[in-house]
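Below are the chains, spelled out letter by letter.
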Amino acid sequence: MKIGLLWLVAMTAPAFADSLDSFLPDLVPSELAPGADAFGPVRDDVKVAPILKGGETIAWAFLTSDFVGTTGYSGKPIHVVAAIDNDAVLTGVKLVKHSEPIVLIGIPNSKMVKLTEGYTGLDLKAEAASGGESHDLDIISGATVTIMVIDDSLVRGGIKVSRALGLGGLAPVTRDGPRREVDMAKVEMSDWTTLSGDGSVRRMTLDIGQVNKAFEVMPDPRAAKRPEPGEPGDTYIDMHLALVSVPSIGKTLLGEAEYNNMLEWLEEGEQAILVLGRGAYSFKGSGYVRGGIFDRIQLIQGDNSVRFFDKQQRRLGELATDDSPSFVELDIFKIPADAEFDPTEPFRLQLLAQRSVGALERVFLTFDLGYKLPERFLLPKAAAPKVVDDATAEAAAKTALWQRIWKDRTVEIAVLGVMLLVLTATFFFQFQATMNARTFYWFRIGFLTMSLFFIGWYANAQLSVVNLMALAGSLKGGFTWDAFLMDPLVFIQWFAIAAALLFWGRGAYCGWLCPFGALQELTNKIARAFKVPQITLPWGLHERLWAVKYMIFLGLFGLSMVSIPLAETYAEVEPFKTAIILKFVRDWPFVIFALVLLLAGLFIERFYCRYLCPLGAALAIPARIRMFDWLRRYKECGSPCQTCANECPVQAIHPTGEINPNECVDCLHCQVLYQSETKCPVVIRQVKRRAKVGSAELKVPAGTPPTNHPNAKPTNVS
């Protein structure tokens, strides 16, 4: 049981390799801190490693993703290792790992690396004093969110490390007195004039002249050469902000019904703001349509910042107040429970005003709209401080995060659940499911299409051997379920596969749920429709080529014991990332590799699955423990009849009639043939025999258990 649980954990754990310990061996100490010659061990209390020079600590190395959970376009953290000296100044910065697709579609990785390393010399004392605004930020066109995530991670992560270690005189932030709370019982409604007058609604107005002048004084002279069109007095943006999760404010601005809808949308611990805008500049822009992130606004409170994703936004049709002005943009944004946001403390909404100065270059200005909830919405100060267990709070935040992710993906989870139920029913009632060859053929084509388009190209839930290689990392340290639950569709699939291996082997995934496997089979069907000739390899060669995928898997697994990042690099032998996750939008060598494999599959069905797939090999090994053998066979199968062996799409049936469970993808085509009145000699003979005695009934043993079932009895069908 422990082995099975550990195997399931390894299937779902992609993150253990991404630690400071795993990245330091590939870094040169002197590149992070001049003159350094070694790294010390990572501390247990704070995830930092001393950088040593002659045995003395001269700086501290940290991994940004250990301190800041901000994700980029890919939905994954951008891993940067940085070093801070005792004066809270960054002495070196290295971009060590990222999954951002923007780098794969025209933006050189070298440019990203150079920009990241440019943070060397950043004074975190000044950043802490200014709220992260004391430095200039370069933007690469097409990578706005990525650059801002790197910037946010370095500044916020660096400040957190400096405060934790007391560097540069910075100390942990302490609260003056007990934490305040919002008075949720105060529900009286007012009007726009009242709320805008007492600060419940805050406003920031910029005209085109102000913005053009601000760009003119920037160090880059190109910024002044592309002024915003319009008259100087025209409105650039008129933006308003309100904390509508406060009952009185929310009900007044949204109305009773819309406020209640918002409460159903919000999870426990979440807050919501209303952002209103009009003028020439949109605070939303269009970046969220492509990348799912609103790249023109972010909420900042102390050392923390919140960037909003498309699933955290709702449009509002109109305000409920009669005396309010009209707005072009009315949007509600939810603030996640794990964002460490305190509605009783001041915060600001930062607006990013962008201006292109080159083909791939932008400059920008930031304008802050400050907000502080009026005192009348707060409960009186409590007399005694509330003690908070940091470890408990961190665990609660992680739990809230994965629960929010599962809530946001409810529809996708439901669709996958239905697919798994349908597939399970098909396997349990496979005799009935395969009675009609034509119906079953189109059912399988439809299911594979769903696997490709929904699981693969839509949900990006393609499984990978990289999950398995994380086993090496998980064996070296502890783990929590929170990390595995961050991607619900991947977790559910691995959980289902663990169960399916006991019943049917690897075919449940490889033959039905794998998006790349579905892509191969569907393209082969199209090739057959166009009369593309099919190649059948000699059995001896075919059988020996099976071993290649096992050697690839063992090689990758062995590499992971030495270096997981190196193993992940060689795991590009899987074309899944190129063909499924990035949809062929990648550097040409990767695309060519994937297309070559698909081209081979046009002539040899599922060529990659048969001979090269390390994931299939990995699943075949534990699949040998399956308890049942569900596929029905006649004693004539293999001797003399070779129909199933000749028609098996992946040549998993030996000439002697045995089905190799390690290679079978459970397509159930042999079960269709098992009942075929036109292809199976046994069935044809039975039909003729029944016809002679005037009976049209075909007595196939439908009620008997499958071969090798514990309750099965030896039977001979003649």
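Our structure is the block above this text.
Structural notes, computed from the coordinates. (Residues numbered from 1 in each chain as written. Predicted model: local features only at pLDDT ≥ 70, side-chain atom pairs only at ≥ 80, totals over all residues. Heavy atoms only, no water.)

Under the criterion given, the structure shown has 29 aromatic pairs. Residues Phe454 and Tyr458 carry aromatic rings whose centres are separated by 5.8 Å and whose planes lie at 20° to one another, so their mutual orientation is stacked. With Phe454 and Tyr458 both in helix α15 (residues 437-458) and four residues apart, the pair spans about one turn of that helix. For the ring pair Phe553 and Phe557, a centre distance of 6.0 Å and an interplane angle of 35° mean the geometry is tilted. (Phe/Tyr/Trp six-rings, centres within 6.5 Å; stacked < 30°, edge-to-face > 60°. Helix = DSSP H or I, 4+ residues; strand = E, 2+ residues; numbered from the N terminus.)

Our next topic: a nonpolar patch on the surface. A cluster of nonpolar side chains, contributed by Trp588, Ile592, Leu595 and Val596, occupies part of the molecular surface with about 440 Å² of accessible area. Relative to the elements of secondary structure, Ile592 occurs in helix α24 (residues 588-603). (Patch = residues over 30% accessible without salt bridge, like charges linked within 9 Å, V, L, I, M, F, W, Y side chains within 5 Å. Areas by Shrake-Rupley, 256 points an atom, 1.4 Å probe, with all protein chains shown as cover. Salt bridge = Lys/Arg side-chain N within 4 Å of Asp/Glu carboxyl O.)

The residue Val415 is located in helix α13 (residues 410-428) in this model. On a C-alpha basis, the gap between Val415 and Met450 in space is 9.9 Å, while along the polypeptide they are 35 residues apart. Aside from chain neighbours lying at most four places away, what touches Val415 is Met450 and Phe454. (Contact = heavy atoms within 4.5 Å.)

Moving on, we get to unusual backbone geometry. Residue Pro640 follows Ser639 across a cis peptide bond; omega there is 10°. Tracing the sequence through the fold places Pro640 in the loop between α26 (614-623) and α27 (643-647). In this structure, Asn460 takes a positive phi of about 55° despite not being glycine. The residue Asn460 is located in the loop between α15 and α16 (465-476) in this model.

A separate point is the sheet that holds strand β13 (residues 329-335). Read from one edge of the open sheet, five strands run β7-β8-β9-β13-β12, paired in antiparallel fashion. Looking along the sheet, the strands with just one partner apiece sit at the ends: β7 (201-207) and β12 (313-315). Averaged over all pairs of adjacent strands, the angle between their axes in this sheet comes to 20°, without regard to strand direction. Alignment of β12 against β13, held across three bridges, turns out to be antiparallel. Looking at β13, one finds that Arg315 is bridged to Asp331. Here helix α10 (residues 256-265) sits on the sheet in contact with β9 (271-278), β12 and β13, set at roughly 160° to β12. (Pairing = 2+ DSSP bridges. Axes fitted to C-alpha atoms, helices over the stretch in contact; angles between N-to-C directions.)

Taken as a whole and assessed by the stated rule, the structure comprises 22 salt bridges. A salt bridge links Arg203 to Asp238; the nearest nitrogen and oxygen atoms lie 2.8 Å apart. Taken together, the positions of Arg203 in strand β7 and Asp238 in strand β8 (residues 235-242) put the pair 35 residues apart, joining distant regions of the chain. Note on Arg203: relative accessible area 52%, which makes it exposed. When its relative accessible area of 2% is taken as the criterion, Asp238 is described as buried. Arg278 is paired through a salt bridge with Asp238; the nearest N and O atoms lie 2.9 Å apart. Taken together, the residues Arg278 in strand β9 and Asp238 in strand β8 connect sequence positions 40 residues apart. Under the relative-accessibility criterion, Arg278 is labelled partly exposed at 27%. By sharing partners, the salt bridges in this structure join Glu31, Lys94 and Glu117 into a single network. (Buried < 20%, exposed > 50% of the residue type's maximum accessible area, 1.4 Å probe, protein only.)

Purely geometric stuff here, so don't read any function into it on its own.
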